[in-house]
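# Structure at a glance
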Amino acid sequence: MFLPSFQLQNKIAIVTGAGRGIGRALAIGLAEAGADVALFARTASDLESVAGEIRALGRQAYPFRVDVTSREQIDEAVKLLVEQTGRIDILINNAGMNIRSQALAVTDEEWDKIMQTNLKSAFLCSQIVGERMKEQGYGRIINIASVAGQVALRTGVVYAATKAAMIQMTKVLALEWGKFGIHVNGIGPWYFKTPLTETILANPDYLAEIIARTPLRRVGELEELVGPAVFLASDAANYITGQTLFVDGGMTIYGF
């Protein structure tokens, strides 16, 4: 049967930025598909809340308070997780941030903070977890990119640069690591209802402009990212690597 290949039963997954928004939705979605999930985030209360939801589904949750821009903290958390589980099957690099500055106003501090949070963290986690996956001969890495890495937006030049780099990093890692049984893919969301976008989506004029540029004429619901993530993490995607799937209501048809 084909449909069971979409299941993640007894897989061990890591989701970064798992305390809220997209990361929370993906962590719970992986658990619903059968995975046990390690949660990487910086806020202890968020970690425990998501861990509780996962355990209520009958799956194991492993909350780790981790700064994913720190090689040492990632390495320590990964070692502890492997001691408890024996393996890591799935990594979702979701941790990210944005500062909406015009290019002439970007400071060195903003550049460094966004680059480290969005891009460096994804590479460090991929490198450290990728070593474990190489030893296993199996792994699924999913990088949460953005439509901003594909089309030009009016603000957020540093954010866009990180997401474009993430899309290219996805391709290079897929090329390097395919021979080890590691698949590396990306997901590129458009606007979804999250704590990060709540304020800007509350502006009716801005929301109307977003909807006008989206063929499906609405913003996304977080649950609509779960299916693509589970698919790419599962054996149903066994012949897919190096790709970024845009979950954008058709927005990248137009640009913005």
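Right above here is the structure, for reference.
For the structure given in this document, a descriptive report is provided here. Worth saying up front: this structure is predicted, and the values here are computed from it rather than measured. (Residues numbered from 1 in each chain as written. Predicted model: local features only at pLDDT ≥ 70, side-chain atom pairs only at ≥ 80, totals over all residues. Heavy atoms only, no water.)

## Some points on the packing of aromatic side chains
This is how it is decided: Ring pairs shown here join Phe, Tyr and Trp side chains whose ring centres sit within 6.5 Å, with only the six-membered ring taken for Trp; geometry is labelled stacked below 30 degrees between planes, edge-to-face above 60, and tilted in between. Here a strand is any run of E in DSSP of at least two residues, a helix any run of H or I of at least four, and the numbering for each starts at the N terminus. For every residue, the accessible area (1.4 Å probe, protein chains only) is compared with the maximum for its type, and the residue is labelled buried under 20%, exposed over 50%, or partly exposed between those bounds.
This structure, assessed with the given rule, holds four aromatic pairs. Ring geometry for phenylalanine 40 and phenylalanine 64: centres 5.7 Å apart, planes at 80°, overall edge-to-face. One end of the pair, phenylalanine 40, is in strand S2 (residues 36–41); the other, phenylalanine 64, is in strand S3 (residues 61–65), and 24 residues separate them in sequence. Classification of phenylalanine 40 as buried rests on a relative accessible area of 1%.

## Observations concerning the nonpolar core
Stated precisely, the cut-off is as follows: What makes a nonpolar core is a set of buried Ala, Val, Leu, Ile, Met, Phe, Trp, Tyr and Cys residues whose side-chain atoms join them at distances within 4.5 Å. Residue contacts are defined here by distance: any two heavy atoms, one from each residue, within 4.5 Å place the two residues in contact.
By size, the foremost hydrophobic cluster in this structure holds 37 residues, and its most contacted members are Ile14, Phe40, Phe64, Ile74, Val78, Leu81 and Ile88. The dominant element in this core, judged by the number of residues it contributes, is helix H4 (residues 108–136), at nine residues. Not counting chain neighbours up to four residues away, the residues in contact with leucine 81 comprise Ile12, Ile14, Ala38, Tyr62, Phe64, Gly86 and Ile88.

## A few points about the pattern of salt bridges
So the rule is basically this: The rule for a salt bridge is simple: a side-chain nitrogen of Lys or Arg has to be within 4 Å of a carboxyl oxygen of Asp or Glu.
What the rule picks out here adds up to nine salt bridges. Residue glutamate 221 pairs with lysine 193 through a salt bridge whose shortest N-O separation is 3.0 Å. Highlighted residues: glutamate 221 in the loop between helix H7 (204–212) and helix H8 (223–233) and lysine 193 in the loop between strand S6 (182–189) and helix H6 (198–201), separated in sequence by 28 residues. With a relative accessible area of 32%, glutamate 221 lands in the partly exposed category.

## Concerning the sheet that holds strand S4 (residues 90–93)
The condition that has to hold: Pairing between strands is defined by DSSP: at least two bridges between the two strands are required. Interaxial angles span 0 to 180 degrees and are taken between N-to-C directions of axes, which are lines fitted to C-alpha atoms, for helices over the stretch in contact.
With respect to topology, seven strands assemble into an open sheet ordered S3-S2-S1-S4-S5-S6-S7, the strand pairing being parallel. Two strands close off the open sheet at either side, each with one partner strand: S3 and strand S7 (244–247). Here the strands of the sheet are splayed against their neighbours by 15° on average, with no regard to which way each runs. By the bridge criterion, four bridges tie S6 to S7 in an arrangement that is parallel. Residue glycine 186 lies in a different strand from S7, and its bridge partner there is threonine 244. Where helix H2 (residues 44–56) meets the sheet, it contacts S2 and S3, and its direction lies at approximately 175° from that of S3.

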